[in-house]
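Structural characterization, general
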2 protein chains.
Amino acid sequence: MSKPTENPPTSPTDINLDVLEDTLSFYIRTINLAVSRDLDARLDGLDVAKGTGKITTLLLVDDYPGIRPSVIAHLTMRDRSAMGRIIDQMVSHDLIRREVSPDDSRAQELYITEAGSALATKVREIVPQQSRDFFSFIPEDEQKQVIDILRRAYRHIVGLA
Amino acid sequence: MSKPTENPPTSPTDINLDVLEDTLSFYIRTINLAVSRDLDARLDGLDVAKGTGKITTLLLVDDYPGIRPSVIAHLTMRDRSAMGRIIDQMVSHDLIRREVSPDDSRAQELYITEAGSALATKVREIVPQQSRDFFSFIPEDEQKQVIDILRRAYRHIVGLA
DNA sequence: AAAACTAGTTGCGTTTGTCCACTAATTACT
DNA sequence: AGTAATTAGTGGACAAACGCAACTAGTTTT
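If you're wondering where the values come from, they're calculated on a predicted model, not measured in any experiment.

Turning to the overall build of chain A, a few remarks are in order. A count of helical and extended segments in chain A gives six helices and two strands. Mapped from its N terminus to its C terminus, chain A presents α and β elements in the order α-α-α-α-β-β-α-α. A compact globule built from 161 residues should have a C-alpha radius of gyration of about 15 Å, whereas chain A, at 20 Å, is more than 25% larger. Taken over the C-alpha atoms alone, chain A extends approximately 70 × 30 × 30 Å along its principal axes. Here chain A, with 161 residues, has 51% of them falling under the buried criterion. Put simply, of all contacts in chain A between residues at least 6 apart along the chain, 52% involve residues at least 24 apart. If you average the places of the 20 positive and of the 25 negative side-chain charges in chain A, the two averages end up 4 Å apart.

Below, the discussion takes up the interface of chain A and chain B. Taken residue by residue, the interface counts 76 residues in chain A and 75 residues in chain B. Carbon and sulfur atoms supply 67% of the area buried between chain A and chain B, which totals about 7,500 Å² over both sides. Counting the surface chain A buries against chain B, the share from its top three residues, Leu24(A), Arg29(A) and Tyr64(A), is 11%. Applying the counting criterion to the chain A and chain B interface returns ten salt bridges. Close ionic contact of Arg155(A) with Glu21(B) constitutes a salt bridge, the shortest N to O distance being 3.1 Å. Scanning the region where chain A abuts chain B turns up 24 residue pairs in polar contact (both at pLDDT 80 or more). Those elements giving two or more residues to the side of chain A that touches chain B turn out to be helix H1 (24–42), helix H2 (52–63), helix H3 (69–76), helix H5 (114–134) and helix H6 (140–158) of chain A. Broken down by element, the side of chain A that touches chain B gets its largest block of residues, 15 residues, from H1(A). Partitioned by chemical class, the residues of the side of chain A that touches chain B number 41 nonpolar, 20 polar and 15 charged.

What surrounds DNA strand C is a group of 22 residues, the closest being Arg37(A), Arg80(A), Arg85(A), Arg106(A) and Lys50(B). Of what DNA strand C places within 4 Å of the protein, 57% of the atoms are sugar or phosphate. Backbone polar atom of Ser70(A) to a phosphate oxygen of DNA strand C: 3.1 Å apart, as the coordinates give it. Between DNA strand C and Arg78(B) there is a distance of 3.4 Å, counted from a phosphate oxygen to a side-chain nitrogen or oxygen.

Okay, the confidence of the model for chain A next. All names here are of chain A. In this model, chain A carries a mean pLDDT of 90, and residues with pLDDT of at least 70 account for 92%. Across chain A, strand S2 (residues 108–112) holds the top mean pLDDT of 98, while H1 sits lowest at 93. The model gives residues 1–7 a pLDDT under 50, and that stretch makes nine contacts with residues more than four places away or in other chains.

About the criteria used
- Residue positions are counted from 1 within each chain, in the order its sequence is given.
- Each chain gets a letter, beginning with A, and each ligand a number, beginning with 1, in the order they are written.
- Where totals are concerned, whole chains, interfaces and linings use all residues; where local detail is concerned, this predicted model gives features only for residues with pLDDT of at least 70, and gives and counts side-chain atom pairs only at 80 or more.
- By convention in this description, side-chain values take in all heavy atoms of the structure and omit both hydrogens and water.
- Here a strand is any run of E in DSSP of at least two residues, a helix any run of H or I of at least four, and the numbering for each starts at the N terminus.
- Just to be clear, the radius of gyration here is over C-alpha atoms, and the globule rule we use is 2.2 Å times residues to the power 0.38.
- Type-normalised accessible area, obtained with a 1.4 Å probe on protein chains alone, sets the label of each residue: buried when under 20%, exposed when over 50%, and partly exposed for intermediate values.
- Contacts: residue pairs with any heavy atoms within 4.5 Å of one another.
- We treat Lys and Arg as the positive residues and Asp and Glu as the negative residues; His and chain ends play no part in the count.
- In this description, the location of a charge corresponds to atom NZ of lysine, CZ of arginine, CG of aspartate or CD of glutamate.
- Once two parts are put together, the accessible area they lose, assessed with a 1.4 Å probe and summed over both, is termed the buried area.
- Any Lys or Arg side-chain nitrogen found within 4 Å of a carboxyl oxygen on Asp or Glu counts as a salt bridge.
- N or O atoms within 3.5 Å of each other form a polar contact, as long as, within protein, one can give a hydrogen and the other can take it, and as long as residues adjacent in sequence are counted only when both atoms are side-chain atoms.
- Three residue categories are used. Nonpolar comprises Ala, Val, Leu, Ile, Met, Phe, Trp, Tyr, Cys and Pro, charged comprises Asp, Glu, Lys and Arg, and polar comprises the others, including Gly.
- Whether a residue is near a molecule or strand depends on its heavy atoms: it is near if one of them lies within 4 Å of it.
- Confidence of the predictor in every single residue is expressed as pLDDT, which spans 0 to 100.

Okay, structure coming up:
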C-alpha cells in the first residue's frame, strides 16, 4: 500500500516522502520554516522580528556587556558583514550601542541600552514560550531529548566546547 | 560561575546562551543555517541547489506522477506563487513537465522527465548521505530519536495523519 | 620596518519569500 | 439554471537577508 509510483494523492494523508522520510536535514529545514514564521508573527512590531540574529545578539549583549561583534557573528553563524548590518539596525533602534574597544581600536564593544534591556526582558518571556507552544504537541520529555541532542550539535558546530 | 553579566568573552568557550539554551526553536533555526549551507555546497551545480523546495518536489513528482503543485506547496510549506516559481525553474531545466489535469482544467499534473528521474536518483544518494555526514558526530541512536520525534512534528505541522 | 593577520565596513549581486491582485474553472446555493 | 463562493495557478511589486569580495585601519609577528 505504499509502493513507489502510486497515484497522484488527492488528500495528502498517505504520502511518503521517499528518502527524506529518514533524513534529519529535511526535518530541520522544513520545521525551521514553520517555527520561524510562527515566531516572526509573535514578535511582530517588536524591533527584533525576522531572523535568529537579532534575538541572540540582544541577549548576548545584555548578558555580556562589551561583547564584540565578531564573537556574536561566530555564535550566530553569520559573516561579519551580516553581523554589522544587524548591529546597525539595533543601534538605530536604540537597543544597543557601540564603543571602540580601549584594548584594540579596531574592535568594538557592544553595550545594551535601557530600551534594549527592556526588550531583552520581553524576549526572554516570549521566545521560549513560543517554542514551547509551537512544539506543545511533542511530549515534554521528548522535547527535552531533542533539545539535549541539538544543543550538543549546535555547540559542536560553532566549536563551543 | 555562570551568573548574568559576566565579562566580555574573549574565547567563546564559556558562553551561555541565556534562555535560548533551552529553546528548541533556537537550535532548529541555527542548525538549519549550517545544514542548509553544507547541503547547498554539496549540491553545487546540480540544478537543485538552494532550498528544500526543489529536492522535495523532484522526489515527489518522481514518486507520484501527476501530483499537483498545490499538494507539493502544502508539503513544503510554501504558498502557491512560490511553488509556481520553483516549478518554472524545474520545467525550464527540463526536470519535470506540466500538464493540465483532465479532471480539473484549473489544475496541473506534474510529471518527471528523464533528466529529472536521473537527477532524482543522484539526489536520493546525496541528500541522505549529506545529512548523515553532517550529523555524524551525533551517535546514530540519538539521530534516530531526533528523526522520529521531528518526523512526527513535521507530520503534525503539515497535517499529515 | 615590512609582512601577515584581524576587525569592521561597504557595495554588489543573488536568492528567497510574501503580499496582493487577477484569470479561469469548479462547486455550492437558491 | 444561474449566481455566488472557492479553488488552482500566475504575475508583479517589494522587502529582507546573506554571502562574497574588496577596502580601511589597526595590531601582531618576524
